[in-house]
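Single-letter residue listing:
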Amino acid sequence: MRVRLRPTQLGAKGLLLLLALIAAFLATNYNNLFFLLIVFCTTVGGLGLCWTWGNLRGVTLLRLDAPPGPAGEARALGLELGGRRPRAVSVALLVDGEVVEVGDRLGFGSAEPAPLLPPRPRALAQITAVRLTSRFPFGLFRARLDLPVAAELVTHPAPAANHHGHRRAAHTATDDDDGDQPLPQGRRGSAVAGLRPFRSGDSFGDMHWKATARRGVPIVREREPEGDLRCDLVLDRRCPEQRFERALSRLMRDLAALRGSGRSLVVHSQGGGFVARDDRKSELAAQRWLAATTSLPAAAAPPPHVSGAERLPRSGHGGRHG
Amino acid sequence: MAECLLPLLLLLTGLDLAFVHATGAVDLRLLLPMLVLTAAAPWLRHLQRHFTYRLLWNGGVLIAFALIVQHATTTGLVHMLEDGLALAVLCQVHLLNNVGARQRPDLVFFNSLLVAFVTSLFAPDLTWSLLFVLHALVLVPSLELHAVTRGQSCLTRAAARAVVRGSLPHAVAVVLATAIVFVVWPRDFQRRGWFNELLEATQQFASGAAERIDLEHENGAPLSDAVVAQLVPPSGRAEDVPSHWRSTAFSTFDGAAWLPQDASELGSRFATDPAWERDRSGAWVRSLAETGLRRVRVRLLDGSQRRLPSPLQARRVDLQQAAGLLVDPRSYGGLGLLRLADAPAGALEYTVECSAARVVVAPGARARQHMTALPSSGVPPFVHDLAAQLRRDLPAPDDQLSLALAARDWLSEHRRYALPGTPGFAQNLGEFLIGTAPGHCEYFATALALLLRSSGVPCRLVGGYLAHEWSAADRAMLVRGRDAHAWVEAWLPDGEWLTLDATPPADVLADSRPTNSWWGGVVADLELMWATVTGFDAGQRARWLAALVRFPQEHALAVASLLVAAWAVVYLRRRRRTLFVVQQLHRAARNAGMQLRDGETPRELLGRAVLSAATPARLAALRAAALAHERARYMKPGDREP
Amino acid sequence: MATTRSIDASAFRAALLQNLARVVSLPAHVIDPVVCAVVAGGHVLLEGIPGIGKTLLARTLAMSIDGQFRRIQFTNDLMPSDVVGTAVWRPDTGRFAFVRGPLFANFVLADEINRTSPRTLSCLLEAMENGRVSVEGRTVELGQPFVVLATRNPIEFQGTYPVPEAALDRFLVRVELDYPAPDAELALYMGHDAEARLAEIQPVTTCQELLALRAAAAAVHVGAPAAEYAYRVVQATRTHAEVQLGASPRAALAWLSLARARALLDGRDYVLPDDLKVLALPALAHRVFLQDGGSSAPFVQAAVQATAVPL
């Protein structure tokens, strides 16, 4: 957590100028005002050095939220710095050794925009540090501070667009439909668990008229709780990069569709898979899996066989493009 | 570059123009268009998109550049300073108008500093210093804003204002730190640079008296407002201070310049003045009648003086601090001063005793000849005509005294006085003598000397200071750089040296600042103050430190009461902010060796105290304090009294 | 007047704690909030695995206060009418008569409330909220005092319904029970049968007196520093970045009413920050929701520790 200092271009030029002036001062007879100016320039440099250092000294990282986000889309980060409040810093993340600029913080009391992570490709990356750089106050020196942090940057595939209505128009003939099939939902809430008397609030669509007529009291169908619905998918990772990405996008869309539906999605693939339920935790795990997975060569082992499960990418098209 | 930086850059450039204007070297007619261009920069920037505008602008700058260079090369070195400074501000205005996406403001900052550096060599101290403070207060915020905006693509108005507001304390801190370092840093006022020494080694006169009065040169070093010396009469009366204080005597005129007497004699010496001798007390004395003695204490603030200014009738000069100083008694009429390496820098004090007697030295033939010599060329023929005319008008044509007085009166009545730099100022002696252009004291003195020598009256030109500004506050006569003066000393046939000042006295006084107005007084005080700062040397530092150490001993009571008052203020402020019960609680906790932690309630503290090693009495006191606090703070107001 | 009231309260507390200690061995940080909630007139949510004395605690409380005790085991087929009661056709009178359900008691132990359907749960919550139930269009007042001690098993979520956040807000306190301390558990093994001990319990007060205590608790003074402390802590829970939903003003009011009850039981008629500090976790933890859905208890604890006490 050491603050590193080095002169900026302006500072280096200023230093050269100062040296030249000092040489001129020494070469000629003593001159009071010339001396005053040299003192002034040196003071600006010296205090600038101290203040630039002090600006970042003691800054700590309280919190870094790097939420999972879709590939190719910028996302806002949550960043909270503690200790002293630095001014005019630019914030960057060290992601797998690469420096990613995420924005500036002015620190002058005005509203600060949240740091914005630029669009990234689908990957599971490690954030090793938050790098703060600042040339405040005079721009003569640049201070750099790396705040170590261990966080995972999950960039999951962007969910495929959901456009059943005009898919024909939008697609060219060579496009296959991996991204367009919705999650099968025919069974959703359809299983009838039994009959029970009508209670206020029950839907009239659920009325079992026959039983009502038989018993003389309103009877409704009681439906199976929806949470038990599950959908199995098999992802074959042996396919070209582009098709693989499309399949992942399609999976991502299915994952998004799970939210609030009470269903679950089980994905089988080579080297494991994931189970996504309608909760945040399993969704995060699924996103992480989708971010990290890679395509396999055609010679690799096939995915496990699951009876009745849909296959992705569709085998019919796989041969054509493979 | 962010737009918000532009106003600060405008200010910076404006200050650079002011710096240049303060030197007085560059004509206002040249500076005003630049000022207009600076002020118009925000609007001109919008035109930069157009090719025609850029063509016109760059062409105009090139033409101006060429004109200045042409002027410098054709007029010789005389206008070097003027042209250089004009070039510098032209560059600054050009840079300002080109600052944009491709041209970063770095160069504007650097050039502005360079202008400040160059002008520091020529401008009057106080004006320059005030401008410098303003300059610093603008430069630091602009640097800061620049540093902030380089990361930030755009800055709202409010944010920019916040940045500038936040930078002002930095600017003030920088200025204060600069002032402190400037004053405290040991400065060697006498340091000689190798460059100057190299220059002087190539010159003819290595005797340390390189001063010369060059009439063709438009007085390169402008007259500064800095106080050079303070003349303190022990009587406290202004009329006890002689008006003319001589530094250097010039006896040879080469047609364009006057050369100092000791430099022009070329080794052969002849008696012109009573000789200085050292008496047993170490003071310098010379044989003058002890009649009407007046004493004046001189405080020479200007450390660069190489003479001890003294009146013609000086009889005794007593230098208080002689260490490291070498007095040269052969400097004609006055005393030369050489500072050795170990000399204390800065101000020095000496006492001058003046006699009211005439200064009489029997003139020798060689001396006479030397003092009446005229150059073969460079003397306008008008001088001889005028001298003949004056002699004709005299009742007794051979009376040298009346001739001298007539010539002096004629000049002061018929010629106008003006300071160099004013419009129409005489470019050479001819212009002045013919009467078409006004001139300053050197022209008057030279004209008078030439008139006298043309008529065979031996005389010399004297450079020094005219003491006329009485400061009632200091009970002293203030002598400034701008009070530098030149006059003539005529050597009458009976051997008396007579001071003749042809410059109309009213004009000299009118041209200097009116010191009796309140404004003049303020300026004078400021200048004195600034002179103390710039002249703050090792001796003064030692005196200040000694006074600082002595102060608590001598004023123990005052210091003690000051400390008590400060403590009381701090205590009362803190006390007003905290309630009594809370104070009591803190005190009881302290007594028990405890301290209230963050997020801890008094009861929890009490619980901790019970487990600690506090004595029962302290514990009981803490318990009582906690209970009292609880009752006062948490109970219903009606229930508080038990 | 104030003095006599205070003595009553602290004596009540001492006797009640003695009774409880005789039957169940639970630590003070569990029993205190429960007792405070009873005095403050609120309901209690007990969370913990089965078999650590939740029912015993409820029964002992009921017996100590000489109130009527009923227990409802919640299952997913439990109907609202099973809880509230139902109108039954009486052939002898020739009309419907209302048969009161188990809710009509002073102390109701609602076991495993997360097992029942939201419908039945909402019926219980309505009763808790209003102190009355609506049956067949009629409103029937419940008994006074009416205290629900609900239990929830946090370990097992199979076949359970989530208890909505709004429902949690109905409970004045939520207490998490853990295994007893080793020595307490050993003492439990060596002691008499719980039923036998329960039989020895003598009521320490009556329902009427409890109602009077409640009135007294409501009159306890909250000074400006105490209120400010509560505000600071609540504010701290709201501003923290990890928090999705901070404590609401109602949560703060509930917290303060609990603190009032504690102050009364402690023999004071003014609230101290200490009261608030001790009760922060049971009063606030179930009303603060974190972004990741985790337990907010450590976070509330940290907020309380970090907040400066106004002196």
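In short, a report on the structure.

Rules and cut-offs
Residues numbered from 1 in each chain as written. Chains lettered and ligands numbered in written order. Predicted model: local features only at pLDDT ≥ 70, side-chain atom pairs only at ≥ 80, totals over all residues. Heavy atoms only, no water. Helix = DSSP H or I, 4+ residues; strand = E, 2+ residues; numbered from the N terminus. Buried < 20%, exposed > 50% of the residue type's maximum accessible area, 1.4 Å probe, protein only. Contact = heavy atoms within 4.5 Å. Areas by Shrake-Rupley, 256 points an atom, 1.4 Å probe, with all protein chains shown as cover. Axes fitted to C-alpha atoms, helices over the stretch in contact; angles between N-to-C directions. Parallel < 35°, antiparallel > 145°, perpendicular 65-115°, else oblique. Left-handed = near helix turned anticlockwise from the far one by under 90°. Nonpolar A, V, L, I, M, F, W, Y, C, P; charged D, E, K, R; others polar. Buried area = accessible area lost by both parts, 1.4 Å probe. Salt bridge = Lys/Arg side-chain N within 4 Å of Asp/Glu carboxyl O. Polar contact = N/O pair within 3.5 Å; in protein donor to acceptor, adjacent residues only side chain to side chain.

Comments concerning the overall build of chain C
Along its length, chain C carries 13 helices and 11 strands. Here chain C holds 311 residues, and the buried ones make up 52% of them. The contacts in chain C between residues at least 6 apart in sequence include a share of 77% that link residues at least 24 apart. When the accessible surface of chain C is split by element, carbon and sulfur atoms take 55% of a total near 13,800 Å².

Concerning the packing of helix 12 (residues 381–393) of chain B against helix 13 (residues 400–414) of chain B
Residues and elements named next belong to chain B. In the contact formed by helix 12 and helix 13, the axes pass within 10 Å of each other and the chain directions differ by 120°. Our classification of the angle between helix 12 and helix 13 gives oblique. Once helix 12 is placed against helix 13, the crossing between them reads as right-handed. Within the contact between the two elements, helix 12 uses L386, L390 and R391 and helix 13 uses L403, A406, A407 and W410. Each residue belonging to the contact of helix 12 with helix 13 can be placed in one class, and the counts come to six nonpolar, no polar and one charged.

Focus: the interface of chain A and chain B
Listed by partner, the interface residues are 36 residues for chain A and 47 residues for chain B. Three residues, A:Y30, A:L33 and A:F40, lead the burial of chain A against chain B; their summed loss comes to 17% of the area buried on that side. Across the chain A-chain B interface, the total number found is one salt bridge. A salt bridge links A:K13 to B:D106, with the shortest nitrogen-to-oxygen separation between them at 3.4 Å. Taken together, chain A and chain B are joined by four residue pairs in polar contact (both at pLDDT 80 or more). Of all the secondary structure elements, the ones that give two or more residues to the side of chain A that touches chain B are helix 1 (9–27) and helix 2 (32–56) of chain A. A per-class count over the side of chain A that touches chain B returns 25 nonpolar, eight polar and three charged.

Re the pattern of salt bridges
Going through the model one piece at a time under the given rule, you end up with 44 salt bridges over all chains. In this structure, C:E176 engages C:R174 in a salt bridge whose closest nitrogen and oxygen atoms are separated by 3.2 Å. Linked through salt bridges whose partners overlap, the residues forming this network are B:R603, B:E630, C:R262, C:D266, C:R268 and C:D275.

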